[in-house]
Amino acid sequence: MSNSPLFLKALSGERTERPPIWMMRQAGRILPEYRALRASLSGFKELVETPELAAEATCQPIDRLGVDAAIVFSDILTVPEGLGLPYEMIPGFGPKFPKTIESPADLDKLVGPQDAADSLEYVYGAVAASVKRLNGRVPLIGFAGAPWTIFCYMIEGQGSKTFSKARKWLMQEPVASQRLLNLIADTTAIYLKAQIAAGAQAVQLFDSWAGVLSPKLYHEFALPASRRTLAQLSDEQTPRILFAKGASHSMGLVEEADAYGVDWTTPAASARAAYGDLTVLQGNLDPAALYGTPENVSTEVNAMLKDFGPHHIANLGHGLYPDTQLPAVEAFVETVKAFRYADAAAFAK
Ligand code: 1CP
């Protein structure tokens, strides 16, 4: 048994006494101390672009909740900004890009992968400042959006329920779509390598909008682009987590990650059937389960931990909702921390 932190042990495939836990979107959103920090500033971007402040937001869930990993406070939209499409964060609305990609000719105006990644120095600063502030308490996760999800924002310029404009591009401009996905994939690989160089001990690729694609288009466009990013990180000795929300039809088709996120609509048994018992899986509590009482949360969480079995990282099946109450979140963390595989009848060998 190594002395490495529980989260990294689990990611490396070692058996652990209990699963580690962290939560997608754990920094910000639900914490009163995040809202206070945010209210003292001019806006979201000031927080993301000032390493010391980002590091403070990164550490808040560690101090408050005692989770086993931190995720750097940033956003997936830094990459399109680096590529030449700046975003604005509009309170009560979300992200908005004044400029978008409207025609294949617009691709010629974008910045190249190295220059795009080089312009995101403030993210590497946030990673380094977060590692310093964490002071060895827990490992830090770096992250980026997967190419398809970033493509969605670069074409649409804002969130969408269907991302039909982005899907229209795949249908009508397949060659230009491929070119843009490759540009994003290569930029993202350099970006994640730089986060690793700055101290990130694991990285996660968020393919938040994988689920709007048919399996066919997912296989043709999104999946190869994610693989292209992940493959470029294979020499890094740093575990890679892929979370492709809504793409459970394609579980088991990517080999380049070290762990796979599972969304809450996918039964643990289906994920285990697709990936096998030894693959590290992360997830998948329904974020809405945290609207239940702490007792209900505890029951649901214990059931989930038994369903996944070992080689599991406890997490949600997508990010925390902003109106989630802290006692439910605390019950999630406490239940996972009290769990022991050895005590769970199903695993007592
Ligand atoms: O002012 C604010 O506080 C704005 C809210 C906010 C926050 C706290 C946004 C706007 N982004 C973030 C931080 C963030 N974003 C983190 C790090 C901190 C954390 O743990 O919360 C991470 C990991 C993200 C990742 C992110 N941003 C994703 C992928 C994960 C997911 O939830 O699917 C996506 C899709 C975004 C885009 C984005 N940023 C913000 C919003 C409201 C959105 C979604 C817009 C949409 O509906 O399309």
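Criteria and cut-off values
Residues numbered from 1 in each chain as written. Predicted model: local features only at pLDDT ≥ 70, side-chain atom pairs only at ≥ 80, totals over all residues. Heavy atoms only, no water. Near = heavy atom within 4 Å. Polar contact = N/O pair within 3.5 Å; in protein donor to acceptor, adjacent residues only side chain to side chain. Areas by Shrake-Rupley, 256 points an atom, 1.4 Å probe, with all protein chains shown as cover. Nonpolar A, V, L, I, M, F, W, Y, C, P; charged D, E, K, R; others polar. Core = buried A, V, L, I, M, F, W, Y, C linked by side-chain atoms within 4.5 Å. Buried < 20%, exposed > 50% of the residue type's maximum accessible area, 1.4 Å probe, protein only. Helix = DSSP H or I, 4+ residues; strand = E, 2+ residues; numbered from the N terminus. Contact = heavy atoms within 4.5 Å. 1 Å grid on protein atoms, 1.4 Å probe; cavity = no way out; pocket = protein on both sides within 12 Å on 5 of 7 lines; lining within 4 Å. Points joined across faces, edges and corners; volume = space filled by probe spheres on them. Salt bridge = Lys/Arg side-chain N within 4 Å of Asp/Glu carboxyl O.

Focus: the site of the ligand
Then, in step 1: Around the ligand, the surrounding shell holds 20 residues, and the nearest of these are Ala 27, Tyr 34, Asp 75, Tyr 153 and Ser 208.
Then, in step 2: Measuring from an oxygen atom of the ligand, one finds a side-chain N or O atom of Tyr 34 at 2.6 Å.
Then, in step 3: For the ligand, whose free accessible area comes to 880 Å², the fraction covered by protein is 86%.
Then, in step 4: Grouping the amino acids of the shell around the ligand by side-chain chemistry returns 12 nonpolar, 5 polar and 3 charged.

Here's the deal with the nonpolar core
Then, in step 1: Counting residues in each nonpolar core, the largest one holds 128 residues, and the members touching the most others are Phe 7, Phe 151, Leu 180 and Phe 332.
Then, in step 2: Residue contributions to this core peak at 9 residues, all from helix H10 (residues 174–197).
Then, in step 3: Contact partners of Phe 332, with chain neighbours within four places excluded, come to Ile 21, Met 23, Leu 285, Leu 290, Val 297, Val 301, Met 304, Asn 315 and Leu 316.

Topic: the layout of surface pockets
Then, in step 1: The volume enclosed by the largest pocket comes to roughly 1300 Å³.
Then, in step 2: When residues of the lining of the largest pocket are traced back to their parent elements, those giving at least two are helix H2 (32–39), strand S2 (88–90), strand S3 (94–96) and helix H8 (147–156).
Then, in step 3: Per-element accounting of the lining of the largest pocket gives the leading share, 3 residues, to H2.
Then, in step 4: Of the residues that constitute the lining of the largest pocket, the class distribution is 22 nonpolar, 12 polar and 6 charged.

Overview of the pattern of salt bridges
Then, in step 1: Tallied over the entire structure, the rule returns 11 salt bridges.
Then, in step 2: The residue Arg 340 makes a salt bridge to Glu 17 at a minimum N-O spacing of 3.8 Å. Linking Arg 340 in the segment after helix H14 (326–338) with Glu 17 in the loop between helix H1 (6–11) and H2, this pair joins segments that are 323 residues apart in sequence.
Then, in step 3: The partner of Asp 258 in a salt bridge is Arg 240, and the shortest N-O contact between them spans 3.0 Å. Here Arg 240 lies in strand S6 (residues 240–244) and Asp 258 lies in the loop between S6 and strand S7 (259–262), a separation of 18 residues in the sequence.
Then, in step 4: A relative accessible area of 30% means that Asp 258 is categorised as partly exposed.

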